[in-house]
Amino acid sequence: MKNSKEGIFQRIPRANCDKGMDRNLLAILVCPICKGELRLDRKANELLCLADGLAYPIRDGVPVMLPGEAREMSFDEREQAR
Ligand SMILES: [Zn+2]
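Predicted, not measured: the structure shown is a model, and the values here were computed from it. (Residues numbered from 1 in each chain as written. Predicted model: local features only at pLDDT ≥ 70, side-chain atom pairs only at ≥ 80, totals over all residues.)

A. Region of interest: unusual backbone geometry. Of note, the phi angle at Asn-45 is positive, near 60°, even though the residue is not glycine. You can see Asn-45 is positioned in the loop between strand E1 (39–41) and strand E2 (46–49). The residue Asp-60 is not glycine, and still its phi comes out positive at about 55°. Position of Asp-60 relative to the elements: it lies in the loop between strand E3 (54–59) and strand E4 (62–63). In this structure Asp-60 comes out as exposed when scored by C-beta crowding, with 6 C-beta atoms within 10 Å. (Helix = DSSP H or I, 4+ residues; strand = E, 2+ residues; numbered from the N terminus. Buried ≥ 20, exposed ≤ 12 C-beta atoms within 10 Å, placed from the backbone.)

B. Broad picture of the confidence of the model for the protein. Per-residue confidence for the protein averages 81 on the pLDDT scale, and 70% of its residues sit at or above 70. Between the elements of the protein, mean pLDDT differs from a low of 66, seen in helix H1 (residues 20–28), to a high of 97, seen in strand E5 (residues 71–72). pLDDT under 50 marks residues 15–19. Its contacts with residues more than four places away, or in other chains, come to 1 contact. (pLDDT = per-residue confidence, 0-100. Contact = placed C-beta atoms within 7 Å.)

C. Layout of the nonpolar core. Core analysis: the biggest nonpolar cluster contains 10 residues, these being Cys-31, Leu-38, Leu-47, Leu-48, Cys-49, Leu-54, Ala-55, Tyr-56, Ala-70 and Met-73. In contact with Cys-49, other than residues within four places in its own chain, are Cys-31, Cys-34, Gly-36, Leu-38 and Leu-54. (Core = buried A, V, L, I, M, F, W, Y, C linked by C-beta atoms within 7 Å.)

D. View of the pairing of E2. A two-sided burial pattern is seen for E2, the buried positions comprising Glu-46 and Leu-48 on one face and Leu-47 and Cys-49 on the other. Relative to E2, E1 runs antiparallel, the two sharing 3 bridges. Among the inter-strand pairings, Arg-39 is bridged to a residue of E2, identified as Leu-48. Hairpin connection, E1 to E2: the antiparallel pair is bridged by 4 residues, and Asn-45 has positive phi, about 60°. As paired strands, E2 and E3 are joined by 4 bridges and run antiparallel to one another. Bridge assignment links Leu-47 to a residue of E3, and that residue is Tyr-56. Count of turn residues in the E2/E3 antiparallel hairpin: 4 residues, of which Gly-53 carries a positive phi of about 70°. (Pairing = 2+ DSSP bridges.)

Shown next as structure tokens:
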């Protein structure tokens, strides 16, 4: 019998990569408090948890997912981010 291992690794579809960095990042990252989805705020360079009203800073491209480092969002900010 012929061993045909090749093929297993074929055709793994490549993710759509143009904004891949951000998307992949967001796909992995969840809020450490509520485990909820995060929103990326490009302007402020923060990751937002709307459920908790917290903004986690991104420093040198590295998200700091520590509740102690997070900034509390104002009511207006939360409304706008929705
Ligand atoms: Zn949260």
